[in-house]
Number of protein chains: 2
Amino acid sequence: MKITYDGTNFSGWQKQENATTIQGTLENALKILLKEDISCVASGRTDAKVSAYLQPVHFDTTKMIDKTKLKNSLNGILPQDIKVLDIVETNLHARFSAKKKTYLYKMYISNVDLPLLKDALKISPTIDIKLMKKFIKKLKGTHDFSGFKASGSEVETNVRTIYKAKLVKKGMYLLFYITGNGFLYKMVRNIVGTMLNVGEKRIDFNFLKQHLFDDYKSTFTAKPDFLYLLNVEYQ
Amino acid sequence: MKITYDGTNFSGWQKQENATTIQGTLENALKILLKEDISCVASGRTDAKVSAYLQPVHFDTTKMIDKTKLKNSLNGILPQDIKVLDIVETNLHARFSAKKKTYLYKMYISNVDLPLLKDALKISPTIDIKLMKKFIKKLKGTHDFSGFKASGSEVETNVRTIYKAKLVKKGMYLLFYITGNGFLYKMVRNIVGTMLNVGEKRIDFNFLKQHLFDDYKSTFTAKPDFLYLLNVEYQ
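So, a few notes on the structure that sits alongside this text. Residue positions within a chain follow its written sequence, with the count starting from 1. As they are written, the chains are lettered A onward and the ligands numbered 1 onward, keeping that order. The model is predicted, so local features are restricted to residues of pLDDT at least 70 and side-chain atom pairs to those at 80 or more, both for listing and for counting; the totals for chains, interfaces and linings are taken over all residues. Side-chain metrics in this entry use all non-hydrogen atoms of the structure; hydrogen atoms and water are not considered.

### Quick look at the overall build of chain A
In step 1: Assigned secondary structure in chain A consists of five helices and 10 strands.
In step 2: The atom set for the radius of gyration is the C-alpha atoms, and the globule formula is 2.2 Å times the number of residues raised to the power 0.38. Whereas a compact globule of 235 residues would reach a radius of gyration of roughly 18 Å, chain A reaches 19 Å, a difference of no more than 12%.
In step 3: Counting only C-alpha atoms, chain A reaches 60 × 45 × 30 Å along its principal axes.
In step 4: Only protein chains enter the area calculation, which uses a 1.4 Å probe; residues under 20% of their type maximum are buried, those over 50% are exposed, and those in between are partly exposed. Taking all 235 residues of chain A together, the buried fraction comes to 51%.
In step 5: The contact definition used throughout considers only heavy atoms, calling two residues in contact when any of these lie within 4.5 Å. Residue pairs at least 24 apart in sequence account for 67% of intrachain contacts in chain A once pairs closer than 6 positions are excluded.
In step 6: Calculation of accessible area relied on Shrake-Rupley with a 1.4 Å probe; when residues are assessed, cover is drawn exclusively from the protein chains displayed. Put simply, chain A shows about 12,100 Å² of open surface, and 48% of that area lies on carbon and sulfur atoms.
In step 7: Residues counted as positive are Lys and Arg, residues counted as negative are Asp and Glu, and His and the chain ends are not counted. By convention, charge coordinates are those of NZ in Lys, CZ in Arg, CG in Asp, or CD in Glu. Treating the 37 positive side-chain charges of chain A as one cloud and the 23 negative ones as another, the clouds have centres 6 Å apart. Starting at the N terminus, helices and strands are each numbered in turn, a helix being any DSSP run of H or I of at least four residues and a strand any DSSP run of E of at least two.

Following this line, the structure appears as structure tokens:
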């Protein structure tokens, strides 16, 4: 399935007792419709308040399914915050078959809070965008991203490859796109947090760039509210 | 003052007993700060749920005001949904000196509800945009817009001049901009409602265009949630 969600009012993707999650909500809806217990696997877990324009999800079933009918029924019973865009039959594993993921972090440049701009982080017009661009150039390639990982998460390797990282100004929006073969826990938010502190000159970029992938340890985790999973590529 | 607001949770601009309005909220904040009763006049009243990217508002006071300080203090005590962008001293009357107003109605083209697109009306990909464009071309110029006025509102004349009306496709958004010397009560929403019904071919455009400004009476009032006051020009 390709699903999309506004994560604002959810405690993230992963099912938890006593918390409303995307996975839990989706599995409940599938159970009602398919009358069997369904386990959903997403391309990756999104944190509390993180949204997805597109999140691939797979599940296994032995039932014969009318995919269009299931999509419409799911969209009928799911809350407004989660919708199914498409359902196809596939042998792909939503997580293990994923080759590239793209996240988007939305910022907007303003001196004052703008009530109608709810989807982006307000940043000051004095921020140094050129310096931010210099920083993100350094991210491309294959590196050990330990310094951008939230502590307490254990994985086999902290090495990830970043294929693309760009900062695009669109009207008053400043949009950060990052594509990689995978991301460590809170890695995108730590990259954005560091980027913002570079732009605000609270981190010396000339010092930072020497130590980015050895002894730098990010203590700046950008708010999850403005992070969006944008696309996942397979094969 | 130039103010901006998300009207979703307000009962419109105009002050009312037992309802939360933009005017009421703003006047309360000014009373707290200036310690006198203040009456605010907007360029025009916006309906319940209608928002404004920019709404000019004036008030009279005999007090000396530090305008930057007042702006910051107002933004400190106003709710997140209303913010002051600028305060200047002026002889202009927010309503009577206004020469042109521009409204924006946001739509987006999609077969499925998209949780992350909250600011626009979902319209079907099968809608006939060319026909909608033909309809809005007919609006330009000076006409009697009685057929697009909500019943029950009495004004001296129903004649208004439309300077610009355009429909712009931007990604999956379809944006309708309309600029006039003024608008009757619910006129923009009735224009949008009619435009949508023309596009969906529920109104025969060839018949409609003969009768637009004589015996046509709109019964289609588009939802207020996606209407935005965009700009007001003076002088």
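Additional details are given in the paragraphs that follow.
### Some details on the pattern of salt bridges
Residues and elements named next belong to chain B.
In step 1: Criterion for a salt bridge: a side-chain nitrogen of Lys or Arg within 4 Å of a carboxyl oxygen of Asp or Glu. Across all of its chains, the model carries 16 salt bridges over all chains by this definition.
In step 2: For aspartate 113, the salt bridge is made with lysine 122, and the minimal N-O distance between the two is 3.3 Å.
In step 3: Owing to a relative accessible area of 27%, aspartate 113 belongs among the partly exposed residues under this scheme.
In step 4: Under the relative-accessibility criterion, lysine 122 is labelled partly exposed at 33%.

### So, unusual backbone geometry
In step 1: In this structure, lysine 49 of chain A is a non-glycine residue whose phi angle is positive, near 75°.
In step 2: Within the secondary structure layout, lysine 49 of chain A lies in the loop between β2 (41-42) and β3 (51-58).
In step 3: Residues other than glycine seldom take positive phi values, yet lysine 186 of chain B does so here, at roughly 65°.
In step 4: Of note, lysine 186 of chain B is situated in the loop between β9 (173-180) and α4 (187-199).

### Here's the deal with the packing of aromatic side chains
In step 1: Put simply, two rings from Phe, Tyr or Trp (the six-membered ring, in Trp's case) pair if the centres are within 6.5 Å, and we call them stacked under 30 degrees between planes, edge-to-face over 60, tilted for the rest. In total, this model carries 12 aromatic pairs over all chains according to the counting rule given.
In step 2: Measuring from centroid to centroid gives 5.2 Å for phenylalanine 145 of chain A and phenylalanine 213 of chain A, while their planes differ by 80°, and the two rings are edge-to-face. Of this pair, phenylalanine 145 of chain A sits in the loop between β7 (141-144) and β8 (159-170) while phenylalanine 213 of chain A sits in the loop between α5 (205-211) and β10 (227-234), placing them 68 residues apart in sequence.
In step 3: Of the residues examined, phenylalanine 213 of chain A reaches a relative accessible area of 25% and is grouped as partly exposed.
In step 4: The interplanar angle of 35° and the centroid separation of 5.3 Å between the aromatic rings of tyrosine 53 of chain B and tyrosine 228 of chain B together place this pair among those described as tilted. Here tyrosine 53 of chain B, found in strand β3 (residues 51-58), pairs with tyrosine 228 of chain B, found in strand β10 (residues 227-234); they are 175 residues apart in sequence, far enough to count as distant.
In step 5: Through a chain of ring-to-ring contacts, the aromatic side chains of Phe145, Phe148, Phe213 and Tyr216 of chain A assemble into a single cluster.

### Considering α4 of chain B
In step 1: End to end, α4 of chain B covers 18 Å across 13 residues, agreeing with the expected 18 Å (1.5 Å per residue, within 8%).
In step 2: Among the 13 residues in α4 of chain B, 13 count as buried, and that is most of the element. Any helix carries an expected span of 1.5 Å times its number of residues minus one.

### Observations concerning the pairing of strand β1 (residues 2-5) of chain A
Where a strand is regular, its side chains alternate between the two sheet faces.
Residue and element names in this part refer to chain A.
In step 1: Only strands joined by at least two bridges in the DSSP assignment are considered to pair. Relative to strand β4 (residues 82-86), β1 is paired through four bridges, and the arrangement is antiparallel. Looking across to β4, one finds that threonine 4 is bridged to lysine 83.
In step 2: Here β1 pairs with β3 via three bridges, running antiparallel. Residue lysine 2 lies in a different strand from β3, and its bridge partner there is proline 56.

### Details of the nonpolar core
In step 1: Here, nonpolar core means buried Ala, Val, Leu, Ile, Met, Phe, Trp, Tyr and Cys residues that are tied together by side-chain atoms lying within 4.5 Å of each other. Counting 64 residues, the largest nonpolar core has Met1, Ile3, Leu30, Met107, Phe135, Phe176 and Ile178 of chain B as the members making the most contacts within it.
In step 2: Once residues within four sequence positions are removed from consideration, methionine 107 of chain B is found in contact with Ala120, Leu121, Ile123, Met132, Leu167, Met172, Tyr173, Leu174, Phe176, Met195 and Leu196 of chain B.
In step 3: Leu34, Cys40, Ala165 and Met195 of chain A belong to the second largest nonpolar core, which has 63 residues in total.

### Overview of helix α3 (residues 129-137) of chain B
Residue and element names in this part refer to chain B.
In step 1: If you check which residues of α3 are buried, you get Ile129, Leu131, Met132, Phe135 and Ile136. End-on, the buried residues of α3 take up no more than an arc of 155°, which puts them together on one face. Exposed residues on α3 whose side chains face more than 90 degrees from its buried face are Lys130 and Lys137.
In step 2: Residues of α3 that are buried in the fold lie against β5 (98-109), β8 (159-170), β9, α4 and α5 (205-211). Throughout, the arc means the angular range of directions from the helix axis out to the C-beta atoms.

### Some words on the interface of chain B and chain A
In step 1: Chain B puts 20 residues into the contact, and the matching count from chain A is 20 residues.
In step 2: Two parts placed together each lose some accessible area under a 1.4 Å probe, and the buried area is that loss summed for both. Between chain B and chain A, the buried area comes to about 1,400 Å², and carbon and sulfur atoms account for 72% of it.
In step 3: Broken down residue by residue, the surface that chain B buries against chain A is led by Val112, Pro115 and Leu116 of chain B, which jointly contribute 41%.
In step 4: Run the count over chain B and chain A and you get two salt bridges.
In step 5: Note that lysine 118 of chain B and aspartate 6 of chain A form a salt bridge whose closest N and O atoms lie 2.9 Å from each other.

### Some words on the relation of the copies chain B and chain A
In step 1: Under the fitted operation, chain B is carried onto chain A by 0.0 Å of movement along the axis and a turn of 180°, and the coordinates agree to an RMSD of 0.0 Å. Here the transformation between the copies is reduced to the relation of a two-fold axis. Within chain B, the C-alpha atom positioned nearest to the axis of rotation is that of lysine 118 of chain B, 5.0 Å from it.
In step 2: The share of interface residues of chain B whose copies in chain A are also at the interface is 100%, consistent with both copies meeting through the same surface. The copies are overlaid by a least-squares fit using only the C-alpha atoms of residues whose pLDDT is at least 70 in both copies.

### Considerations on the packing of helix α1 (residues 22-34) of chain A against helix α2 (residues 67-77) of chain A
All names here are of chain A.
In step 1: One can describe the packing of α1 onto α2 by two numbers: an axis separation of 10 Å at closest approach and a directional angle of 125°. Overall, the two elements α1 and α2 adopt an arrangement that is oblique. Considering how the two elements wind past one another, α1 and α2 form a crossing that is right-handed. Each of Ala29, Leu30, Ile32, Leu33 and Leu34 in α1 lies in contact with α2, whose residues at this interface are Leu70, Ser73, Leu74 and Ile77.
In step 2: Its residues placed into classes, the contact of α1 with α2 shows eight nonpolar, one polar and no charged. Note on definitions: angles span 0 to 180 degrees between N-to-C directions of axes, and those axes are lines fitted to C-alpha atoms, for helices only across the stretch in contact. Reported orientations rely on four angle classes, namely roughly parallel under 35 degrees, roughly antiparallel over 145, roughly perpendicular from 65 to 115, and oblique for the rest. It is the rotation of the near helix from the far one that decides the hand of a crossing: anticlockwise by less than a right angle makes it left-handed, clockwise makes it right-handed. As a working rule, the residues Ala, Val, Leu, Ile, Met, Phe, Trp, Tyr, Cys and Pro are called nonpolar, Asp, Glu, Lys and Arg charged, and the rest polar, with Gly in that last group.

Function cannot be inferred from these measures alone, as they are strictly geometric.
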